[in-house]
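Fold and contact review
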Amino acid sequence: MKVYAAGVHTGSGAFSGTGAKGGKPRPIHVLKRGNVQTPAHEVGPGSLAAVPSGGNHWNLPSDHAEGDRRAALARWLSDPQNPLTWRSIVNRVWQQHFGTGLVDTPGDFGRMGSLPSHPELLDWLAADFRDRGQSLKRLHRLIVTSATYRQTSDENGRGADLDGGNRLLWRMNRRKLEAEAIRDTVLSVSSKLDLTPGGPSFQDFVIEKPEHSPHYQYHLHDPEDPKAHRRSIYRFIVRSQPQPWMTVLDCADPSMQVAKRNESISPLQALAFMNNSLMLSMSGHFAHQLQASGRDLPAQIQQAFRTAL
């Protein structure tokens, strides 16, 4: 977590835990008019006064180390009386399942953010999550077994006229699969998906000129390489150069903090499905499986649709 404040100067190396001062934090001063040449009074660690939370985690001794400040921050974030932490996490999980959070600005619960569509529900979920073990698995189960989640996405009826944006959750939102889920599904349908848990990440690119400024060439990667047939969660991410195929499918920009992904439909996505080397390779494996079944062509086509969809 990074918190920036205008007019506050930390000095270089403020977070070096094993520096010349043995991990002791450097002094932080308020800067007059933001000028580093005119430091004013020194300030100590603390939380945002606008966010009420129980307990005082910042009463640190004068000789405290940098690690003590980090521990105090962690205790403040996880304090049961800190409302933002619990509301934020349950809102993110809700967004994952419904496409839109109860607060549809998941990265901004402040004055510039949106008001919650269901404030009582948000608070109830936050308190229930906090007080009953803080289990994400239990929270997922609670949401997906609810009557709200199990609704149809049919838009017929008066609801479309009264609440076209579905903020009142009178139906289920239609969702588009994330780029990672599409990639994993392609591998699964072709029977090439490696479900081995853990282990090293895989690279779906070739590095050229590593001795200078490395070039990450995704189009040179061999899609038949079994090392790259693992789940997308193990994909090696290059922050400076996104994977083109995944980017077309609305994968998040790895160089940015993305609180909510875009969901778009474009001709480029159809072209990517038709021409990407991984798609072509896995389509060939899928076709061989269907042909090996020994069925006639209409039966193979029926089986292809059932397996893929």
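1. Quick look at the environment of Gln 243
Here Gln 243 is to be found in the loop between strand 5 (215-217) and helix 7 (244-248). Sequence-wise, Gln 243 and Phe 205 are 38 residues apart; in three dimensions their C-alpha atoms are separated by 8.6 Å. The residues touching Gln 243, leaving out its near neighbours within four places in the chain, are Asp 204, Tyr 218 and Arg 235. A distance of 3.0 Å separates a polar side-chain atom of Gln 243 from the backbone nitrogen of Met 246.

2. Details of the pattern of salt bridges
A complete count under the given rule lists 10 salt bridges for this structure. Salt-bridge contacts for Asp 128 lead to Arg 132; the nearest nitrogen and oxygen are separated by 3.7 Å. Ionic contacts of the salt-bridge type, sharing partners, join the residues Asp 128, Arg 132 and Arg 138 into one network.

3. Side note on helix 2 (residues 83-98)
A rise of 1.5 Å per residue sets the reference length of helix 2, with its 16 residues, at 22 Å; its end C-alpha atoms lie 22 Å apart and thus fit the reference within 8%. Listed as buried for helix 2 are Trp 86, Val 90, Asn 91, Val 93, Trp 94, Gln 95, His 97 and Phe 98. In this structure, the buried side of helix 2 is in contact with helix 3 (119-131) and helix 4 (136-144). Where helix 2 begins, the capping side chain belongs to Asn 82, and its oxygen is found 3.3 Å from the backbone nitrogen of Leu 84. Two residues or fewer after helix 2 comes Gly 99, characterised by a positive phi angle close to 90°.

4. Section: the side chain of Arg 235
Mapping Arg 235 onto the fold places it in the loop between strand 5 and helix 7. No salt bridge forms around the buried Arg 235; measuring N to O, its nearest opposite-charge neighbour Asp 204 is 4.4 Å away. Once residues within four sequence positions are removed from consideration, Arg 235 is found in contact with Ser 201, Phe 202, Asp 204, Gln 243, Met 246 and Cys 251.

5. Topic: the packing of helix 2 against helix 4
Interhelical geometry of helix 2 versus helix 4 gives an angle of 45° and a closest axis separation of 11 Å. By the angle between their directions, the pair helix 2 and helix 4 is classed as oblique. Once helix 2 is placed against helix 4, the crossing between them reads as right-handed. Between helix 2, through Ile 89, Val 90, Val 93, Trp 94, Gln 96, His 97 and Phe 98, and helix 4, the contact on the second element is made entirely by Leu 136, Leu 139, His 140, Ile 143 and Val 144. Considering only residue class, the contact of helix 2 with helix 4 consists of nine nonpolar, three polar and no charged.

6. So, the side chain of His 229
Within the element layout of this structure, His 229 appears in the loop between strand 5 and helix 7. Here Pro 223 takes part through its backbone oxygen, which lies 2.8 Å from a polar atom of the side chain of His 229. Once residues lying within four places of it in the same chain are set aside, the contact partners of His 229 are Leu 187, Lys 192, Leu 193, Asp 194, Pro 223, Glu 224 and Met 282.

Criteria and cut-off values
Residues numbered from 1 in each chain as written. Predicted model: local features only at pLDDT ≥ 70, side-chain atom pairs only at ≥ 80, totals over all residues. Heavy atoms only, no water. Helix = DSSP H or I, 4+ residues; strand = E, 2+ residues; numbered from the N terminus. Contact = heavy atoms within 4.5 Å. Polar contact = N/O pair within 3.5 Å; in protein donor to acceptor, adjacent residues only side chain to side chain. Salt bridge = Lys/Arg side-chain N within 4 Å of Asp/Glu carboxyl O. Expected span 1.5 Å × (residues − 1). Buried < 20%, exposed > 50% of the residue type's maximum accessible area, 1.4 Å probe, protein only. Lys, Arg positive; Asp, Glu negative; His and termini not counted. Axes fitted to C-alpha atoms, helices over the stretch in contact; angles between N-to-C directions. Parallel < 35°, antiparallel > 145°, perpendicular 65-115°, else oblique. Left-handed = near helix turned anticlockwise from the far one by under 90°. Nonpolar A, V, L, I, M, F, W, Y, C, P; charged D, E, K, R; others polar.

On their own, these measurements won't tell you what the molecule is for.
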